[in-house]
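Summary of the model geometry
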Amino acid sequence: MRICRSISDCRAAVKELCATDKTVAMVPTMGFLHAGHMSLVHTAKAEADHVVVSIFVNPTQFGESADLDAYPRDEARDLDMLRKAGVAVVFMPDVETMYPAGDETIVETTRLANMLHGKVRPGHFRGVTTVVTRLFNIVQPDVAVFGEKDYQQLQVIKRMVADLHMPLTIVGSPTVRDEDGLAMSSRNVRLSAEDRQAALVLNQSLTAAEAAATGATVADLHKAIVDTIATEPRAILTGLDIVAAETLNDIDGPLTGPTAIMISVAFGDILLIDQRVVTP
Ligand code: PAF
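Residues numbered from 1 in each chain as written. Predicted model: local features only at pLDDT ≥ 70, side-chain atom pairs only at ≥ 80, totals over all residues. Heavy atoms only, no water.

Turning next to the site of the ligand. Neighbouring the ligand are Pro28, Thr29, Met30, Asn58, Gln61, Val128, Val131, Phe146 and Gln153. In this structure, an oxygen atom belonging to the ligand sits 2.6 Å away from a side-chain N or O atom of glutamine 61. With respect to the ligand, the side chain of glutamine 153 contributes an N or O atom lying 2.8 Å from an oxygen atom. Here the ligand loses 88% of its free accessible area of 290 Å² to cover by the protein chains. Mapped onto the shell around the ligand, the elements with two or more residues apiece are strand S2 (24–29) and helix H7 (124–139). (Near = heavy atom within 4 Å. Polar contact = N/O pair within 3.5 Å; in protein donor to acceptor, adjacent residues only side chain to side chain. Areas by Shrake-Rupley, 256 points an atom, 1.4 Å probe, with all protein chains shown as cover. Helix = DSSP H or I, 4+ residues; strand = E, 2+ residues; numbered from the N terminus.)

Side chains three or four residues apart in an α-helix point the same way, a direct result of the helix having 3.6 residues per turn. With 12 residues, helix H10 (residues 200–211) should cover 16 Å at 1.5 Å per step; its first-to-last C-alpha distance of 17 Å lies within 8% of that length. Turning to H10, its buried residues number three or more, namely Leu200, Val201, Leu202, Asn203, Ser205, Leu206 and Ala209. Packed against the buried residues of H10 are helix H9 (193–198), helix H11 (218–230), strand S8 (259–267) and strand S9 (270–278). (Expected span 1.5 Å × (residues − 1). Buried < 20%, exposed > 50% of the residue type's maximum accessible area, 1.4 Å probe, protein only. Contact = heavy atoms within 4.5 Å.)

With that settled, the discussion passes to the UniProt feature "binding site: (R)-pantoate" (unreviewed entry) in the protein. The feature "binding site: (R)-pantoate" (unreviewed entry), as given by UniProt, occupies Gln61 and Gln153 in the numbering adopted here. The greatest C-alpha distance among the annotated residues, which extend across 93 residues, is 11.6 Å, indicating that they converge on a single site. Within the secondary structure layout, glutamine 61 lies in the loop between strand S3 (50–55) and helix H3 (65–70). Apart from residues lying up to four places away in sequence, glutamine 61 is in contact with Met30, Arg121, His124, Gly127, Val128 and Val131. (UniProt positions renumbered as here; feature names shortened; annotations may be inferred.)

Attention now moves to the packing of aromatic side chains. Within a pair of aromatic rings, the relevant descriptors are the distance that separates the centres and the angle that separates the planes. In total, this model carries three aromatic pairs according to the counting rule given. Where phenylalanine 62 meets tyrosine 71, the ring centres are 5.6 Å apart and the plane angle is 75°; that geometry is what we call edge-to-face. Using a relative accessible area of 22% as the deciding quantity, one classes tyrosine 71 as partly exposed. Summarising the aromatic geometry, the rings of phenylalanine 136 and phenylalanine 146 are spaced 6.4 Å apart at their centres and angled 75° between planes, so their arrangement reads as edge-to-face. Of this pair, phenylalanine 136 sits in helix H7 while phenylalanine 146 sits in strand S5 (residues 143–147), and the two are 10 residues apart along the sequence. Between the NZ or CZ atom of arginine 77 and the centre of the ring of phenylalanine 32, over which it lies, the distance is 5.3 Å. (Phe/Tyr/Trp six-rings, centres within 6.5 Å; stacked < 30°, edge-to-face > 60°. Lys NZ or Arg CZ within 6 Å of the ring centre and 35° of its normal.)

Structure (structure tokens):
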């Protein structure tokens, strides 16, 4: 596995991989990898001949510098996991490489970035699309894989790639869950034993909404989620969005097509998110 910290080294490494008409799938990450990331790597392996993973904690997508400073990092462990998974190249740039002095170009999806999670985290998705564009320009992959768990991020990136005619395919990879249904997240380790158990209510509420989806209205899905979360006193429902799956537009009345349900639930100061796309 080749580890590249400069753009020229990364480009040379990818060029070598592609020398014999081989294809490259990329998995952009911010490191501190867990089984959810590794499932993106496995999806990427099935999509192309070689896998390139980037590890870059992107400052422009963090609101508070305290959140950026607190972001967990473990380079040695990450590299070990990627080596064992058969990744060909890891691109690990520093901030000055990604954002050179005097830099002033941003990329933004004007509507999708400023709705739903984007309203409570202003500038977040602009930071994501800006860094992902730069990563794509450096690596030039044929395919890039993103988790469905960050559902709005996936839609924002698909829109950007379509609008800017970027020559690659975006693949969404299904959310990885622990055996009991809790979606994997680096935040799960911070939950107390009681909250870890209580957190099962996220998946349970989405399953209840999915079971009710045939012939349902948006209000029925809303009620299924709210009622299920209310059965767990430790859980505070902090966000519930039920929107058209591709455009993320608000919908009302009976479901007429694929519908995304996005929830965020707080356990003390730990916020967990989950999502499901249901069809009527
Ligand atoms: O999902 C993430 O980890 C980040 O938002 C991404 C896509 C790597 C961009 O920094």
